[in-house]
Amino acid sequence: MVSLSDIAKRVKLDVSVVSRALSHKPAQNAKVKTETREFILQTAAEMGYRPNRQASFMGKKGDATIFCFMPQISDQLTADLMYGISAAARRENFPVTFFQGNMDGDFRNFLAGLDDSNHSGVISFPTRALSDDLKELLILYHRRRKTLLLLNPQSNSFGGQPEDGFSNIPHLIMDDAYGGSLAAKHLIGKGCQHFFFTGFPGQHFRHRFAGYREELARHSVEAVSFDSDDELKKIVALPGRIGIYADRDTHAINLIIRLAHLGITPGEKVLLVGNDDKQQSRLSGLTTIHQPIRQEGELAVKKLINLIFGGTEENEFIKPYLVVRQSTGNYETEYIVE
C-alpha cells in the first residue's frame, strides 16, 4: 500500500505538505499552493494512493461507508448507476452499501435505520408520492447531517414535481426537458411535417414531453398526443413525413411492433425517437436520448464527498445526448453531443 511517506519521497516534499495537499478540508493557515497541490494529487494518483478512510472516520467515532437507496429495478440504467457510484467510491476508498426498494415501507425502513447505523452520507432516489411522515424524516436527516444528495427528484416523483421541502437538499438531475428538445430538433431536421408523442404525459416523465413541445413551438409546430391503435392508423395515413417521440424506450419499442402490424418500419415515412438508450434499444435500431447514468453516479459520489467534508453543493442538471439509429433513417449509429 502506498503511504504518505512514499509520495513525499517521490515529490521531494515534507510529509506534512503532502498530507495537507491530500486533505479535503485543510486548515485555513495550512493550505498548499494550487500548483503544488495539483502536482501532489497527480503523483498520488499515478502511484495508486488510496487514503485509509475507515481509520480517519474511526477517530471521529464514525464510519466512512456511503449508504445508497436505489429503486429495485433490474435494468441497465439501475446497473449503470450502481456501477458509477461503486467505481467513484472505490477510487476515493469510501465503502458503499446499497439498499433497494420501490415502496414507502422500503424507504421507511431505510430512513429509520440511519440513526442506528454508522455511515458518512447518503445518496438516494426518493420513492414516488412520499407520505408526509417520510418527507419529514428525509428533511430532518438533511438538517442534522448535511450529507444527503438526491438523484432525479423531478422524474422520480409523482406528477413530475419535486416534493415540497426538498428545495434545500442538493439535487443531481437528469435534464429530461433538454432530452425532449433534442428529439424535436432531430425530427425537424429530418424533414418531418407532422409531430406526435406517446406515453404517459401526465406522469413523472412529463418534463420530456414539455421539452419536446416547447422546442416544436419555437418552430411554430404543434405536437399531438396519441395512444390507441385507431389513432395510430390515422396518423400513418397522413401525407408527408411523420415524427413521433416516446417518453421511454419501452413505449417506443412497443410502437415499432404496432407499426409492423401496419406494414411500416420506422425510418422512412415514420420516424421514431425514444428515451433511455437501454440494451434493447440498440438491438432494435431505435434512435433515442441517451442518459449518461454512469457519469451521474460518479458525479453523485464526488458531490457527496464534498458535503461529507463540510463543503456545499448546488443543484446540477446533467445533459443527455442523442443517439441516431435506423428508426430515424440512419444505418450507422451516430452519437450527437451538443
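Report on the accompanying structure. (Residues numbered from 1 in each chain as written. Predicted model: local features only at pLDDT ≥ 70, side-chain atom pairs only at ≥ 80, totals over all residues. Heavy atoms only, no water.)

Side note on the overall build of the protein chain
Counting its regular elements, the protein chain contains 13 helices and 13 strands. Here the protein chain holds 338 residues, and 49% of them are scored as buried. Considering only contacts in the protein chain between residues 6 or more positions apart, those separated by 24 or more positions represent 73%. Only carbon and sulfur atoms are counted for the fraction: they give 50% of the accessible area of the protein chain, which is about 16,700 Å². (Helix = DSSP H or I, 4+ residues; strand = E, 2+ residues; numbered from the N terminus. Buried < 20%, exposed > 50% of the residue type's maximum accessible area, 1.4 Å probe, protein only. Contact = heavy atoms within 4.5 Å. Areas by Shrake-Rupley, 256 points an atom, 1.4 Å probe, with all protein chains shown as cover.)

Considerations on the pairing of strand S8 (residues 242-246)
Across the five residues that make up S8, a large majority, five, are buried. Going residue by residue along S8, you find Ile242, Ile244 and Ala246 tucked away on one face and Gly243 and Tyr245 tucked away on the opposite face as well. Sheet analysis places strand S6 (residues 194-198) next to S8, joined by five bridges and oriented parallel. Considered in S8, the bridge of threonine 198 is made with alanine 246. Sheet topology note: the S8/strand S9 (residues 270-276) ladder contains four bridges and is parallel. (Pairing = 2+ DSSP bridges.)

A few points about the sheet that holds strand S11 (residues 316-318)
Across the sheet, which stays open at both edges, the six strands sit in the order S2-S1-S3-S4-S5-S11 with parallel pairing between neighbours. The outermost strands of the open sheet, each flanked by one partner alone, are strand S2 (96-100) and S11. Adjacent strand axes in the sheet meet at a mean angle of 20°, parallel and antiparallel pairs treated alike. As paired elements, strand S3 (residues 121-124) and strand S4 (residues 148-151) share three bridges and run parallel to each other. Within S4, the residue paired with valine 122 across the bridge is leucine 148. In this fold helix H6 (residues 104-112) packs onto strand S1 (66-70), S2 and S3, with an angle of close to 170° to the strand it touches most, S1. (Axes fitted to C-alpha atoms, helices over the stretch in contact; angles between N-to-C directions.)

Observations concerning the packing of helix H1 (residues 4-11) against helix H3 (residues 34-46)
For the pair H1 and H3, interaxial distance at closest approach is 10 Å and the crossing angle is 120°. Looking at the two axes, H1 sits oblique to H3. H3 is crossed by H1, and the crossing has right-handed handedness. In this structure, H1 uses Ile7, Arg10 and Val11 to contact H3, whose residues at the interface are Phe39, Ile40, Thr43 and Ala44. Per-class residue counts for the contact of H1 with H3 are five nonpolar, one polar and one charged. (Parallel < 35°, antiparallel > 145°, perpendicular 65-115°, else oblique. Left-handed = near helix turned anticlockwise from the far one by under 90°. Nonpolar A, V, L, I, M, F, W, Y, C, P; charged D, E, K, R; others polar.)

Overview of the sheet that holds S6
The strands making up a sheet associate through backbone hydrogen bonding, with each pair oriented either parallel or antiparallel. Taken in spatial order, the seven strands of this open sheet run S7-S6-S8-S9-S10-S12-S13, and their pairing is mixed. Only two strands of the sheet have a single partner each, and these edge strands are strand S7 (223-225) and strand S13 (334-336). Sheet twist, expressed as the average angle between the axes of neighbouring strands with direction ignored, equals 25°. Sheet analysis places S9 next to strand S10 (residues 287-290), joined by four bridges and oriented parallel. Paired with asparagine 275 across the two strands is isoleucine 289, which belongs to S10. Relative to the sheet, helix H8 (residues 176-189) contacts S6, S8, S9, S10 and strand S12 (321-324), its axis offset from that of S8 by approximately 165°.

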